Amino acid sequence: MPEGSKRLLAFIALHEGRVDRRLAAGTLWPLGHDDRAAGNLRSSLWRLKGAGIDVLRADKCALWLDPTTSVDVSTIDNWAQRVIDGHASADELRLPRWGGDALDLLPGWYDDWVIFERERLRQRVLHAFEALSRQLVRTRRYAHAIEVALEAVRVEPLRQSAHRALVEAHLAEGNLVEARRIHLDYWRLVRRELGVDPDPNLAVLVGLPKAQIPAAD
């Protein structure tokens, strides 16, 4: 697929509904005159169809994705929202097969609109992992709850809420020693990397005094 057409398809796919042609052209080809950007847009549409990829629809004012087309980002986003809202089905209460790998949206792309969408999806899914872990704890599916929380920690090792979900899952299963080990490892990591201490209430969660600070590595 030609590079310009690839960027156009990704831009429209990441925007729900109709996208103004001028907005798409100006965002994807910001340098130069508007007429040139509009010409690049027409050329990209033509090249996309020439490559046999006929999923974009257009009129004189807007562009949109064919409604029969499935977008993986939307699938992930919708799953995460259902989990966060507590509306996920029983079959959805598990770590998805794509796991944290889905958070690396369009790797190697550094356009502002990609960076924004990548971070939005990252935060949405991480919140979903934490919410899912706690829902699994409530249903006594401790092994699955720990697995999901571990995935959140793997994706973002310095994320305090992810570590808290992991500690809570171990405590719910009755593994106080494991919960303390995870907490102390995280405390040392944060002090080493950021020079600050986590929320002292995390220490209380595992039965340690707030003033008890582990020795730095």
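In short, a report on the structure. (Residues numbered from 1 in each chain as written. Predicted model: local features only at pLDDT ≥ 70, side-chain atom pairs only at ≥ 80, totals over all residues. Heavy atoms only, no water.)

### Comments concerning the overall build of the protein
Then, number 1: Each helix and strand in the protein was counted, giving nine helices and three strands.
Then, number 2: Counted from the first residue to the last, the protein has its helices and strands arranged as α-β-α-α-β-β-α-α-α-α-α-α.
Then, number 3: Rg of the C-alpha trace for the protein: 23 Å, well past the compact-globule value of 17 Å for 217 residues, more than 25% over.
Then, number 4: Seen along its three principal axes, the alpha-carbon backbone of the protein occupies a region of about 65 × 40 × 25 Å.
Then, number 5: Sequence-distant contacts, at least 24 apart, represent 62% of the contacts inside the protein between residues at least 6 apart.
Then, number 6: For the protein, the accessible surface area stands at approximately 12,300 Å², while carbon and sulfur atoms represent 53% of it. (Helix = DSSP H or I, 4+ residues; strand = E, 2+ residues; numbered from the N terminus. Rg over C-alpha atoms; globule rule 2.2 N^0.38 Å. Contact = heavy atoms within 4.5 Å. Areas by Shrake-Rupley, 256 points an atom, 1.4 Å probe, with all protein chains shown as cover.)

### So, the pattern of salt bridges
Then, number 1: Taken as a whole and assessed by the stated rule, the structure comprises 20 salt bridges.
Then, number 2: The partner of Arg124 in a salt bridge is Asp77, and the shortest N-O contact between them spans 2.8 Å. Here the residue Arg124 occupies a position in helix α5 (residues 112-138), and Asp77 occupies one in helix α4 (residues 72-85), the gap between them amounting to 47 residues.
Then, number 3: Of the residues examined, Asp77 reaches a relative accessible area of 12% and is grouped as buried.
Then, number 4: For Glu156, the salt bridge goes to Arg122, with nearest N and O atoms at 3.2 Å. In this pair, Glu156 is assigned in the loop between α6 (142-155) and α7 (160-173) and Arg122 in helix α5, connecting sequence segments 34 residues apart.
Then, number 5: Glu156 sits in the partly exposed class, given a relative accessible area of 25%.
Then, number 6: Residues joined in a network through salt bridges with shared partners are Asp77, Glu117, Arg120 and Arg124. (Salt bridge = Lys/Arg side-chain N within 4 Å of Asp/Glu carboxyl O. Buried < 20%, exposed > 50% of the residue type's maximum accessible area, 1.4 Å probe, protein only.)

### A closer look at the sheet that holds strand β2 (residues 56-58)
Then, number 1: Strands sit in the order β1-β3-β2 across an open sheet of three strands; the sheet is antiparallel. Each of the sheet's edge strands pairs with one partner strand only, and the pair in question is β1 (19-20) and β2.
Then, number 2: Looking at chain direction, β1 and strand β3 (residues 62-65) are connected through two bridges and run antiparallel. Across the sheet, Val19 pairs through a bridge with Leu63, a residue of β3. (Pairing = 2+ DSSP bridges.)

### Points about the environment of Ala58
Then, number 1: Along the chain, the position of Ala58 falls in strand β2.
Then, number 2: What makes Ala58 partly exposed here is its relative accessible area of 42%.
Then, number 3: Each residue touching Ala58, except ones within four places of it in the same chain, is listed here: Arg21, Leu45, Leu63 and Trp64.

### As for the side chain of Gln135
Then, number 1: Note that Gln135 resides in helix α5.
Then, number 2: When its relative accessible area of 13% is taken as the criterion, Gln135 is described as buried.
Then, number 3: Not counting residues within four places of it along the chain, the set of residues in contact with Gln135 comprises Val83, Gly86 and Leu93.

### Observations regarding the nonpolar core
Then, number 1: Counting residues in hydrophobic clusters, the biggest one holds 61 residues, and the most contacted among them are Leu8, Leu56 and Trp113.
Then, number 2: If you tally residues by element for this core, the top one is α5, at 11 residues.
Then, number 3: If sequence neighbours within four positions are ignored, Leu8 has contacts with Leu28, Leu41, Ser44, Leu45, Leu56 and Leu63. (Core = buried A, V, L, I, M, F, W, Y, C linked by side-chain atoms within 4.5 Å.)

### Some remarks on the environment of Ser161
Then, number 1: Relative to the assigned elements, Ser161 resides in helix α7.
Then, number 2: Judged by relative accessible area, Ser161 falls into the partly exposed class, the value being 28%.
Then, number 3: Here the alpha-carbon distance between Ser161 and His127, two residues 34 residues apart in the chain, equals 8.7 Å.
Then, number 4: Discounting residues that sit within four places of it in the chain, Ser161 has contacts with Glu130 and Arg134.
Then, number 5: A distance of 2.8 Å separates polar atoms of two side chains, one belonging to Ser161 and the other to Glu130.
Then, number 6: Among the polar contacts listed, one links the side chain of Ser161 to the side chain of Arg159, at a separation of 3.3 Å. (Polar contact = N/O pair within 3.5 Å; in protein donor to acceptor, adjacent residues only side chain to side chain.)

### Examining the packing of aromatic side chains
Then, number 1: Evaluated as defined, the whole model comprises five aromatic pairs.
Then, number 2: Consider the rings of Phe11 and Trp113, whose centres lie 5.1 Å apart with planes at 85 degrees: the pair is edge-to-face. Residue Phe11 is located in helix α1 (residues 3-13), and its partner Trp113 is located in helix α5; the two are separated by 102 residues in the primary sequence. Each member of the pair Phe11 and Trp113 is classed as buried. (Phe/Tyr/Trp six-rings, centres within 6.5 Å; stacked < 30°, edge-to-face > 60°.)

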